[in-house]
Each structure stands twice: as C-alpha cells, then as structure tokens.
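Here's the letter readout for the chains.
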Amino acid sequence: MKKLFKIVSLVMAFALVFALFGCNKPADDKTTTTTGAGTTVAATSAFDAVAKEDIKVGVLHITSIQETSGYTYAHHKGIQEMKESLGLTDAQIIEKDEVPDTETELVKTSLQELVDADCDIIFATSYNYMDSVEEFAAANPKVIFSHCSGSKSNNSNFNNYFGRIYEARYLSGIAAGLKAKEIGTPKIGFVAAMDVKNSEVTGGINAFALGVQSVYPECEVFVKVTGSWYDPVKEGQAAKALIDAGCVVLSQHCDSDTVQTTAQQNNVFGVGYNSDMTTAAPKAHLVAPIWNWGVYYTAAVQQVINGTWISKDYFEGYNVGLVGLSALNESIVAAGTAEKIAEAEAKIKSGELFVFTGPILDNTGKQIIGEGEKLSDGQIQTGINYYIKGVTLS
Amino acid sequence: MKEKIYAIELNNITKTFGEVVANKDVCLNVCHGEILAILGENGSGKTTLMNMLSGIYHPDSGEIQINGQPVTINAPKDAIDLKIGMIHQHFKLVDVLSAADNIIMGRHQKSKKTRKSKLPSELSALCESFGFDINLSKKIYEMSVSEKQTVEILKVLYQGADILILDEPTAVLTPQETKKLFAILKNMKQSGAAIVIITHKLGEVMEISDRVTVLRKGESIATVETAETTPKQLTELMVGRPVSLEIERPGVEQEKNMFEVHRLSVKNNDGVYALKDVSFSLNGGEILGVAGVAGSGQKELCETIAGLLPAEKGAVLYHEENILGKTPAEIINLGISMSFIPEDRLGMGLVSSMDITDNMLLKSYKNGKSPFVNHKPARELAQSLVEKLEIVTPSIKTPVRYLSGGNVQKVLLGREIESNPNLLITAYPVRGLDINSSYKIYDLLNEQKKKGVAILFIGEDLDVMLGLCDRVLVLCHGEITGIVDAKTTTKEEIGLLMTGETKTQQEEDAE
Amino acid sequence: MIANGTRTHEPLVRIAKRRERSRAELILLRAAAFLLAIVAGGAFIALLGHSPIEVYAEIFKGAFAGNKRDPLSAVKQTLVFFVPLIVTSLGLSLAFRMKFWNIGGEGQIIMGGIFATIFALYSTDNPGAIPSFILLPLMFVAGALGGGLMALLPAIFKIKFGTNETLFTLMLNYIALYFLKYLVSGPWQRTPGFASIGNFDKSARMWEIGGFHASLLVAAALVIFVHFYIKKSKQGYEISVVGESQPTARYAGMNVGKIILRTMFLSGAICGMVGMIKVSSTYTLTEGITGGVGFTGITVAWLSQFNALGMVLVSLLFAILQKGSSVMQTSLGLSADASNVLQGIILFSFLGTEFFTRYKFVFKKNNSKEKE
C-alpha cells in the first residue's frame, strides 16, 4: 500500500511538473473563429421579426449594476440607453449581475435562466463567458447570443462585439502629450492591467503613445503592469512608482480610479478610463476614453425587432460614436488641447486618419508596419504584442 | 417542630434534569452543633442536593430555609453570604499560591495593606481553635491531598461559614488522615457549627454523625439517630431491601508467578516518575489488590502493563516472556488474553456515544476477513450480558452514556470477562456502584479467580480489599511500600504503608 | 450582587442544558425549524414589498419548472448545484466524524480539479487520443489523488507535530487557490490577459445520460458508499471510536495515527472528486471552480449530523434555494443581494433552532416562596 502510494505520487508529481512547463497547446485550434468585420457576407436574417412589445433582452454582467463607474457601469448604462431610445419596459430587460466569469457553473445556470425566461437576444459582457456562450448558442439556435470582447462567433446566432477604443486612446494621448509638453518633461506613465502579450491593452498603449508623439515627438511612455483588471492597491503602487520615476502624466488601462487619485496626491496629471474620473481627482484628471455601449445595444436590438439581425462581428469606433472622450477638464488641460483633439477627431471620423498606419517601429527599432500599410482589424484585436518605439516597460 | 430554628431546613425540594428526576420531595434539616450524615448510593441525588445549597443548581420546587429564613440561592456567592461553606470532592485552589493566599483570596477587603498585616494572626487563631495542623505559608502544589482539603476547610471557615457541607471528604484520605479530619469536625461541632457530611461509607457514618438522612433514588427515605441504628439497618434503608455484607474469598489452586513485573519505572506525561522500580509477581487464581492514596501510580501501572504507556525501564513478564513495549494488538497476537478495565470507563474503556452492541465490538471488531463489522455476535453478547448482569437499559441500542454508572461498569466488565482473559486488570471496578452491583462484581471477579485467572485489583475501599483480595500491594508515590497478606493484615497497617512507611524486610520474606 | 445577604431574586429567564432529545423529537424540531425559516424569510420578502407566496412559488418554479423545449431544464440546473455540495459534505463528514476539523474542502477540491485537468489538457479529440471511457476514469482517479494528497498534509503534521488542523487546512485553501490562479493566468493560460484555459476537448467532458450529468450517479454511489462505510465497515467503526476518544481507540489496540491518515486521505479524495466533477462538467478550470462548496459543505455536514442520508436532504434544500432564488432576479426583478439576504435569513433561522436541541429556556415561576 505504502509503496504503491509512493510510486503513484511520484508519477503524479512528474505529470504536474510536465504539465506546468511543457504544455503549450495552441489555443482555439479547432474553433471556427471569424474575427473582424472583414468578411461581410450579404445574408438575410435567419430570425423572424419580433414585436417591440414582445421582445425580451437578457444581459449577463460580471459585477454589480449598482456601481457608479467602471466596466459594468458602462454596459449597464448602455442597456438603459437602449431601453429608453427603443421605448422598452423594465420587464423586457433581464439583467443578471454579479456573475463572476470564473464560476463557470454559475455562468451556465444564469445563461440557462435567461434562455428559460424566453429572451430573444442575450448580451454577455465579459471575456471569459465566451466558451459557455458558444455552447449555449449551439444548444439554443432560436436565441441570439452576443458576446463582448471575445474571439469566437458562429454563422447563425452568435456574434462578437467590441470597438475601436484605441481611437479614443489616441485622442487622450494628445491631451496627455500637450500637458507634458507644457510642463516640459517628456515622461508619461501608463498603468496597464495586462502585459505586452495582451493585444487589447498593448494596442491601447501604442495608440495612446502615438497620440502623445503626434504633439510631443520626443516624449516617452513608461509602462507598469499590475497583472489584474481590478486591483486598487497594485494600481496605486504602480502609479507611485511611475511618479517616482519622473512621469508627469499618468494614463491607465485598469478598472479603479486609484491611478487618478494617486496622481492628484502627488501633484501630477492623469488620463482615466471607462468613465469620467474628474469627480474622483478634479485637480489631476484631464480626460478619459469612454465607451458608449448604448450605440451597439440600440442597433442590435433594433435589428432583432426588425428581423434583420445577422451574425456578424461588430467592431466600430468613432464613426458611429461607440467610443468617445469624457468632457475635457478645461481648468487644467494645456492650452489648445480642445482644438488639437477636435482636429484629430474629425480626421478619424472622416477616415483620413487611421491610427495604426505605417511606418511604425517597435521599441527595439524593428519595423513592424511598413510605410503606408495599415493593421487589419484582426491584427488589432489579437495581434498587437509589441510596444512601439518610445514605449518602455519599467 | 416548627419552633426549633434549624441551620438548614429543606422542604420538599425537587430538581429534575430533563426527564431525569435527581431529587424528589427531599426534606431534611440540621441544627447548629450537630453533624448530619447524608447517606446514599451513587446516583441517589446527594450531590445534586448539596449543589442546590451552594448555588450551583436551582431547585424546581420546594423551599430552602437558612436559620429559619426562606432564601433563594442563585450563585455560590449567595451561599457564602449565607455562611454556607461547601467542600467539594475536587478542590478549587490556586496551585502556585500559598495556603494563606488561597484562604484570603476572594474575600472582600478594603485595601491590600490590612489584608497582609492582619490576616495571618486571625488565621492562626482559627487553626488553633479547631486544631488544624498546617503550615500556612506552604504552596498548594507542595501539599498532600489531605493538606489541600484542610486549606479548603479553612477557606470556608475564614469566609465566615458556620454551616459546613463536605462532599465525600474521606475518598482521598488515608485512614489516619480521616481520623484527623473527624477530630476537627468534632471540634467544630462543639463550637456550634452545623455540619453536613455526604458519604456512602457506612463505617464513617457510624463514627462521626449524630443523625443520618438516607437518600434513595432522589428521595429522602428516612432520618434516624445514629446511636439507635446499625450498619445493617442503614444498608437496608439505602438499598431498599436486606443485603448480605459478606465478601467471599474462595481458596483456589494458584499457578505460581504466571505474571511478573520486574523493576518497572514509568514517567508520566509531565516527565515525572509515576512508578519507581516496581517489582511484584501475580499468580494465576489470585486476586492481588493494589492500595494507595489516589494518584500514587495506580493508573500508570495499569496502562503500562496494558501496553498503553511506554516504560522507562524494567520488564513485564507473562510466562517469562517480556511483553513490555508491545502494542495491545501484538500482546493479543502472542496469545495473551489480557483484559484491562480502566478507571476512566467512558473516556477509555467504552465509547460513550455508542450503544452496548457497538461497545462489545471495541476489541473484537477486527475479527474475520470481511471489511465489514459483524454485528451479530456482538448483539447476542450484548443481549446475554444485559440478562446475565441485570444491566438496566431501555435496549441494547441505547448509547452507554445514558446508562447509570453501575450499568456502564457492568457493560465494561462484562465485555472484558467474556473475552476469557488469563490476566484481568481492573481499576476501581465498583466505584460509583450501588451495593448490590458491587457484590455482583465481586462475585464475577471470584468466578474468574476460580478459573485460574490472575487478577490485579486496584481498589480504594480497604474493607473490601481485605475481604476480597489474597494479597494487597501498597503503592506510595509510585513505589511499593509493602505487599501484605490480606487475611492477616489490618487496615491500620495498610494505612501506614500508604503514607510511605515501608515494611521491614522480615515481613516481606515471611510471605 | 445580592441585596442584604438573606434574599435574592431569581433571573427572569435562564438558559439550561437539556437532556438530549430523541430522534423523533429532533426530526420534529428540524421540521419546525424549517417552517420558522420559511416564515422568517416570508417576513423579509413582505418587507421588500413582494408577496411571500408569490416569491416562494417562484423559487419552487425556478428550481423545478423548466422551459417549453426542455421541461427538465431547471431540475438539471438544480442538480448541478446539488452534486458538488453533497459530494463535498460526504467527504468532509468523514473527517468530522473523527473530530478532525477539515476546513480544507476548498483546497482539496481545487487540487482535485488541477490534477484532473492535467489529463484533460493532454487529451485531444484527434484520432489516437485517449478515448473518453479511459480518460474520464483517469481524471477521476487523478482528482481523488490530488484532493487526498492535499488532505494528507495537515494529517501528517497533526500526527507528527500536533499542529492545529483547523488553521492548517484553512491556510492550505489559500495556497491551493493561488496555485490555481498561477496556473490559469500562467502556464495554462489560453489568451494573454484573460485567466482562462479554454474548454476541454469532448473526450474530457462529463458524460451525459438523457441530459443529466453522469456525476449524479457518482454522487449516488458515494452516498451509499459513505453510508455503509461509516455504519458497517471496520474502518468506519475505527473512525467513530477515534472521533469519540483517542485513549479509547488506543485502549482498543487501534493505530490512531494510521486511522487519521487514512481517513483524511479519503476525506480529501472525495473532495478531490468534486474538483474532477466540476472541471469535467464545466469543461474548464477556473479560479471560481469551487463556487464555495468547500465551505457550504461544512454547514451541510453539520446540519445533517454527519448522516449521509441527511446530507442528501440538506444539500437538496441548499441547491433548491440557490437555484430558485437566482431565478427571482430574472422573474421578479429582485436584486441578487436581496436573494442572498433571503437565503441567509432562511439558513440562520434553520441553524438557530439547533440551539434548542441542546438547551432550553427556563422561565421564572411566579409561585410560592413569598409568604409563609
């Protein structure tokens, strides 16, 4: 018995070690992933029109809809806007909140409840709902599933939606760059939730840096990674470290407003994210890139009502107003900021300015995007895993 | 008799615990200047009654009068204020303090200064007047049991008690110490104290008390003048029917030195020697008594032989094979059937939450190859024991903790005897048992003795040991102070040995 | 605290220990507790401005009534909550019976999940891969081993050094959790920045029989196993004796250390099976794998007095409550917080009644003693 025990535990220990360091199974090698808006198939909707009075909309939120800022707040606000603009009643909207995407069982139960409540379309807002949503889409072909920020979809009832938040980040970079230039210190900090391998975060940093460089070319961006989407303590520590390294403006891609309050305490400036953080740090917060999810939710639900919904991935930006900036904190931004931003914004809207246009070098000097080339939407969503020139990980 | 003012008068006191009636309509009284003995078997409600007087319990109904006044006693402090002093079986003293500190502790004093300066003289006056012989500056942990008891008594006297209640005060004393205690009690009685002594030892009742109130099954059966009664009559009152007080000692052919303990030394958990150089032999067909003040090493002796406690050095020989250091299971595998009836029945010998059947299995559950326990023989055994030993239980499925002490003991002893041992170790087998049950146990032991079983009998009642055992081994502080022939020795001699006076060499040789 | 040394007043209410109640009384008492809990919860619902009857009907419907296409849909979901809970409490109850306070269910579930996932990750649906009928049992054994080894650690320390197993097992929960976090956001991570390892291939997914997870059968088998193991087996007998009194166990010739190790391994192994069941029925391993059953299981085990059949009932009650009240959010618009509070109230009332199994109130009697 004892011997057997020893052998088995040895085997298990070996297997464990091997699994930890040997496993490099490529992800998603078998799923049919169609990413980006590139494949526009002219198709007619497989779904019948639904009377406005009968439609039911389900939403799955990761945290509480009672929050007053942050990720879930932005989505909840968008749903409310959709409800009002379409004239739906409260009873037609079923929002399940506080469904952590790490509790797979709860996610599935919640999805099942939304299905059982006869929802016509279900929005799932968090990345890790993705695999569960995929299963449910296959099992419930009559229900539409729309998943935010993921990388999966099918050709019938499951799509993916996200947006060009990098456009707003580029514009916020202009505000940050002008402020640094006004101060005369070419150092800007960026508190990032995830490391360079995360395309969403890294693309945002690069876009921000491009915005900065468009007004203050010699300015450098220093990045600190917290490793968590929401961790006020680590965010504060990272912000302090960047300030100590001489940064005079801090930007962020993480969920709390600690970076902004830390900036205020240390008399530097900041660019927020997700919601207007001026209330939290009135003397530091310049502007924040924000989401207007209501744009997508209204459009999607209207399509379901009309019977025109087709499974197509949604990836829009300034052109439709899905992303934007919070109101400029006029009392502290550098002179001329509003004008510079308005100028760039008009160019983005018109298509004249595409943020990720070559030539772009990475921070080792290697050319990533050639002269005149543009990144595809697929590359933007999953392929940005390098910092551009002028961005340094510290 | 309403005109007479009693120190304590209890009228129709009833106390129940759930459905168990501990006291029912108990009436008794005691005057100042009198010693009242409360006599009753274990479980007859003596201790509950006294706990109500000292404020630990509260009666469900009935009236308590102290000095003619009806009172309600809610807490021990109330009792103290009513000048009632209670001496419990377990002392409540602080080990690291001196006797004097323990005595004055808890007494309300205005300032520390008066306490320090005034008290010793007050205390020594108290000692003198009652004849206490004690060093007041000695620390409690250095004291013998008898001295600790003296401190307890002084403590309540110092608190002003003139009503003294002693719960089984002689259980922990040698005969000599008992004599001293009784002398003190008599002095106190002379000075007008009312004294209640709770006991189940008839001899002491006859010796010390003026009147006796007999309790049986929670009720006060009778109150008699000690001078007008006999032990036999008291026993009958206590048991409810006539009983014989003779203990049989059958003569049996003995198998010499079946079992030997050779120079055994054992340390207890605190690293102190509990047994020092203990050597004796035990014959088959013999009951060897082990006498000694509680805590003299009896427990360690039993547990070491049973393989539960490691020994420092020495040997335990069974048919000249050393079994020391073997586990209980290994000892059984050697073909030695040893039964050990531990002192702590529910904490060691039995599983209190299990029923009789499951307890039968404790040492035999492993029998058979099947991974499952075979309950059938155990059930049969349990049923036969219940009938044979007259165990009072609702059924063999009742958890043993619901049984009374005597019945618990019968279950334990019954199981051990049924395993047909060659060696039987039994610690205080009749403690807490009623007289009838006790005699039943003696009979069972004698039955085993006749079968040639070697029996080690750890006892506390010297009268019983002298009647039942063939020889008596006396332990004092973990050492053997003598092994005497029970037929020829006296209680006094054993009492001396218990206090540490060793026998002379010749006497030992004479055995 | 008494007035002048002669007479005092009895307090109005005292708490007194009562004789242990009979089985029938206990069952009645629990039934009363259940009723009380329902009433207390109803009061809370009424306070929120809803009709208690409507809400309870909704909870019941939510737990049992499915949709048009699948009338068993809700029952299946309720069972999804039920299975991990019953299996965890079965596992914990083994240790508890021995009075070994295994608070480490969470960690053991996590380890079980991790060990099972090792095998799941190596399997693919490609030809030549391990077929499901071998892979799943393999994951099952791995899960049990993971949980068992995790539980063995505190047992070894308890025996060798006398460490407190409550603290030890509790702290191991965190170690296991952080190890899991490391894995899902490190070596096993699928997409950078997202703590997810992706879905298992089909061969590593729990079989479904008529739409029900096969884990239900595992749970049923374990209920029967634990019931007979405790009541009838020699090892079960040993557990009871060791739990009651170690001196008694030694007196009976039992090897107490060995029994503790064996029982803890088994306890942890059963919890580890929960980990396997969880990962194979959700097809993935995430930080939230336990869903807190390692702790809820403690409550369940205690409430049912470590009785296997009792645990079935209590787990079912918990599962119904959890599933049913989650539906209230969708159907009545009650917030998730409100349904949590409702669950809390019902549980508290239920647990509070446990007090009366051991104690009773004694009220002051207004008779006698005044005159005469």
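Chemist: What should I look at first to understand the overall build of chain A in this one?
Modeler: Within chain A, the secondary structure is distributed over 11 helices and 16 strands. Counting over 394 residues, chain A shows a buried share of 55%. Intrachain contacts of chain A at a sequence separation of at least 6 include 67% that bridge at least 24 residues. With the model as given, the accessible surface of chain A reaches about 16,000 Å², and the carbon-plus-sulfur share is 55%.

Chemist: Honestly, the overall build of chain C in this entry has me stumped. Any pointers?
Modeler: The secondary structure content of chain C amounts to 14 helices and 4 strands. Within chain C, the fraction of its 372 residues that count as buried is 54%. If you take every contact in chain C between residues at least 6 apart in sequence, the share linking residues at least 24 apart comes to 76%.

Chemist: Mind showing me how you'd approach the environment of Gly500(B) here?
Modeler: Residues and elements named next belong to chain B. Its location among the elements puts Gly500 in the loop between helix 17 (491-498) and helix 18 (505-510). Overall, the relative accessible area of 33% leaves Gly500 in the partly exposed class. Separated by 372 residues in sequence, Gly500 and Glu128 have C-alpha atoms that sit 27 Å apart. Excluding its chain neighbours within four sequence positions, the residues that come into contact with Gly500 are Cys476 and Thr481.

Chemist: Sorry if this is basic, but what is going on with the domain arrangement of chain A here?
Modeler: Often, the extent of an interface is quoted as the loss of accessible area on bringing the components together. Residue and element names in this part refer to chain A. What the domain assignment reports for chain A is domain 1 (42-163 + 293-316) and domain 2 (165-288 + 326-393). Taking the mean C-alpha position of each, domain 1 and domain 2 sit 30 Å from one another. For the domain 1 and domain 2 pair, buried surface summed over both sides reaches about 750 Å², with 59% attributable to carbon and sulfur atoms. Within the residue set of the side of domain 1 that touches domain 2, elements represented by two or more residues are helix 2 (71-86) and strand 5 (158-163). Per-element accounting of the side of domain 1 that touches domain 2 gives the leading share, 3 residues, to strand 5. Among the residues making up the side of domain 1 that touches domain 2, the classes are represented as 4 nonpolar, 4 polar and no charged.

Chemist: Would you mind going over a nonpolar patch on the surface with me for this structure?
Modeler: A contiguous nonpolar surface patch, about 460 Å² in accessible area, is contributed by Ile130(C), Phe133(C), Ile134(C), Leu138(C) and Trp207(C). Its location among the elements puts Ile134(C) in helix 5 (residues 132-161).

Chemist: In this structure, what is going on with the side chain of Thr48(B)? I would like to understand it.
Modeler: Residues and elements named next belong to chain B. Positionally, Thr48 belongs in helix 1 (residues 46-53). Classification of Thr48 as buried rests on a relative accessible area of 13%. Excluding anything up to four places from it in sequence, Thr48 contacts Lys15, Phe17, Ala22, Asn23 and Tyr57.

Chemist: Explanation requested: the sheet that holds strand 7 (residues 220-225) of chain A in the structure shown.
Modeler: Across a sheet, paired strands are connected by hydrogen bonds in the backbone, their directions being either parallel or antiparallel. All names here are of chain A. Taken in spatial order, the 6 strands of this open sheet run 10-9-8-6-7-16, and their pairing is parallel. The sheet is open, and its two borders are formed by strand 10 (285-287) and strand 16 (391-393), each paired with just one other strand. Ignoring which end each strand starts from, the neighbouring axes of this sheet average 30° apart. Along the sheet face, helix 6 (residues 199-215) touches strand 6 (187-192), strand 7, strand 8 (249-253), strand 9 (269-271) and strand 16 and points at about 165° away from the line of strand 6.

Chemist: In this structure, what is going on with the packing of aromatic side chains? I would like to understand it.
Modeler: The relation between two aromatic rings is expressed through the spacing of the ring centres and the mutual angle of the planes. All names here are of chain A. Under the definition given, this model contains 26 aromatic pairs over all chains. Taken together, a centroid distance of 5.7 Å and an interplanar angle of 80° make the contact between Tyr161 and Trp293 edge-to-face. Here Trp293 lies in helix 9 (residues 293-306) and Tyr161 lies in strand 5, a separation of 132 residues in the sequence. Exposure remark for Tyr161: the relative accessible area of 0% places this residue in the buried category. Residue classification places Trp293 among the buried positions, given a relative accessible area of 1%.

Chemist: What should I look at first to understand the pairing of strand 3 (residues 121-124) of chain A in this one?
Modeler: Residues and elements named next belong to chain A. Side chains Ile121 and Phe123 project from strand 3 onto one buried face, and the interleaved Ile122 and Ala124 project onto a second face that is buried too. Of the pairings in the sheet, the one linking strand 1 (residues 57-60) to strand 3 comprises 4 bridges and is parallel in character. Bridge assignment links Leu60 to a residue of strand 3, and that residue is Ala124. Pairing analysis gives 4 bridges linking strand 3 to strand 4 (residues 144-148), with the strands arranged parallel.

Chemist: Would you mind going over the packing of helix 3 (residues 73-97) of chain C against helix 10 (residues 256-282) of chain C with me for this structure?
Modeler: Each pair of packed helices can be described by the angle between their axes along with the distance between the axes. All names here are of chain C. In the contact formed by helix 3 and helix 10, the axes pass within 7 Å of each other and the chain directions differ by 170°. Relative to helix 10, the element helix 3 is oriented roughly antiparallel. Between helix 3, through Val83, Pro84, Val87, Thr88, Gly91, Leu92, Leu94 and Ala95, and helix 10, the contact on the second element is made entirely by Thr263, Met264, Leu266, Ser267, Ile270, Cys271, Val274, Ile277 and Lys278. Among the residues making up the contact of helix 3 with helix 10, the classes are represented as 12 nonpolar, 4 polar and 1 charged.

Chemist: Help me out: how do you make sense of the pattern of salt bridges in this one?
Modeler: Should their charged atoms come close, side chains of opposite charge can pair. Under the definition given, this model contains 33 salt bridges over all chains. The partner of Asp131(A) in a salt bridge is Lys152(A), with the nearest N and O atoms 2.7 Å apart. With Asp131(A) in helix 4 (residues 130-139) and Lys152(A) in the loop between strand 4 and strand 5, the pair connects residues that are 21 residues apart, well separated along the chain. You can call Lys152(A) buried: its relative accessible area is 3%. A salt bridge links Lys46(B) to Glu168(B), with the shortest nitrogen-to-oxygen separation between them at 3.4 Å. Taken as a pair, Lys46(B) in helix 1 and Glu168(B) in the loop between strand 7 (163-167) and helix 6 (175-190) lie far apart in primary sequence, 122 residues in all. Residue Lys46(B) is classed as buried on the basis of its relative accessible area of 5%. The buried category is assigned to Glu168(B), whose relative accessible area is 10%. Within this structure, Lys96(A), Glu113(A) and Lys323(C) form a network of salt bridges that share partners.

Chemist: Any chance you could explain the arrangement of the chains here in plain terms?
Modeler: Here 2 pairs of chains are in contact, and chains A and C lead that list by number of contacts. Contact between chain A and chain B is absent, and the least distance between their C-alpha atoms amounts to 16 Å.

Chemist: What's the story with a positive patch on the surface in this structure? I'm lost.
Modeler: Positive charge collects at one region of the surface, where Arg379(B), Lys397(B), Arg23(C), Lys231(C) and Lys232(C) lie side by side. Relative to the elements of secondary structure, Arg23(C) occurs in helix 1 (residues 23-47). Accessibility expressed as a relative area gives 64% for Arg23(C), which makes it exposed.

Chemist: I would appreciate a short explanation of the sheet that holds strand 1 of chain A in the present structure.
Modeler: Residue and element names in this part refer to chain A. Strand order in the open sheet formed by 6 strands is 2-1-3-4-5-12, and the pairing between neighbours is parallel. Edge positions in the sheet fall to strand 2 (93-96) and strand 12 (314-316), since each of these pairs with one other strand and no more. Neighbour-to-neighbour, the strand axes of the sheet open up by a mean angle of 20°, direction not taken into account. Strand direction decides the pairing type here: strand 4 and strand 5, joined by 4 bridges, are parallel. Note that in strand 5 the partner of Phe145 across the bridge is Phe158. Packing against the sheet, helix 2 makes contact with strand 1, strand 2, strand 3, strand 4 and strand 5, and its axis sits at approximately 175° to strand 2.

Chemist: Help me understand the state of the cysteines, please; the structure alone is not making it clear to me.
Modeler: Disulfides are covalent bonds that connect the sulfur atoms of two cysteines. According to the stated counting rule, one finds 0 disulfides over all chains in the structure shown. Cysteine Cys148(A) remains unbridged, with the sulfur of Cys119(A) as its closest cysteine sulfur at 18 Å. Counting only cysteine sulfurs, Cys31(B) is the nearest neighbor of Cys27(B), a cysteine outside any disulfide, at a range of 15 Å.

Chemist: Which parts of the structure should I look at to understand the confidence of the model for chain C?
Modeler: Predicted coordinates in areas of low pLDDT are best not read in detail. All names here are of chain C. Taken residue by residue, chain C gives an average pLDDT of 85. The fraction at 70 or more is 89%. Least confident of the elements in chain C is strand 1 (residues 13-17), whose mean pLDDT is 63; most confident is helix 10, at 95. Predicted confidence is poor over residues 1-8, with pLDDT under 50, and the contacts of this stretch with residues over four places away or in other chains come to 16 contacts. Taken together, the stretch residues 367-372 has pLDDT below 50 and engages in 5 contacts with residues farther than four places along the chain or on a different chain. Here the predicted complex scores 0.75 on pTM and 0.77 on ipTM.

Calculation notes
- Residues numbered from 1 in each chain as written.
- Chains lettered and ligands numbered in written order.
- Predicted model: local features only at pLDDT ≥ 70, side-chain atom pairs only at ≥ 80, totals over all residues.
- Heavy atoms only, no water.
- Helix = DSSP H or I, 4+ residues; strand = E, 2+ residues; numbered from the N terminus.
- Buried < 20%, exposed > 50% of the residue type's maximum accessible area, 1.4 Å probe, protein only.
- Contact = heavy atoms within 4.5 Å.
- Areas by Shrake-Rupley, 256 points an atom, 1.4 Å probe, with all protein chains shown as cover.
- Domains from an automatic or database assignment.
- Buried area = accessible area lost by both parts, 1.4 Å probe.
- Nonpolar A, V, L, I, M, F, W, Y, C, P; charged D, E, K, R; others polar.
- Patch = residues over 30% accessible without salt bridge, like charges linked within 9 Å, V, L, I, M, F, W, Y side chains within 5 Å.
- Salt bridge = Lys/Arg side-chain N within 4 Å of Asp/Glu carboxyl O.
- Pairing = 2+ DSSP bridges.
- Axes fitted to C-alpha atoms, helices over the stretch in contact; angles between N-to-C directions.
- Phe/Tyr/Trp six-rings, centres within 6.5 Å; stacked < 30°, edge-to-face > 60°.
- Parallel < 35°, antiparallel > 145°, perpendicular 65-115°, else oblique.
- Lys, Arg positive; Asp, Glu negative; His and termini not counted.
- Charge placed at Lys NZ, Arg CZ, Asp CG, Glu CD.
- Disulfide = S-S within 2.5 Å.
- pLDDT = per-residue confidence, 0-100.

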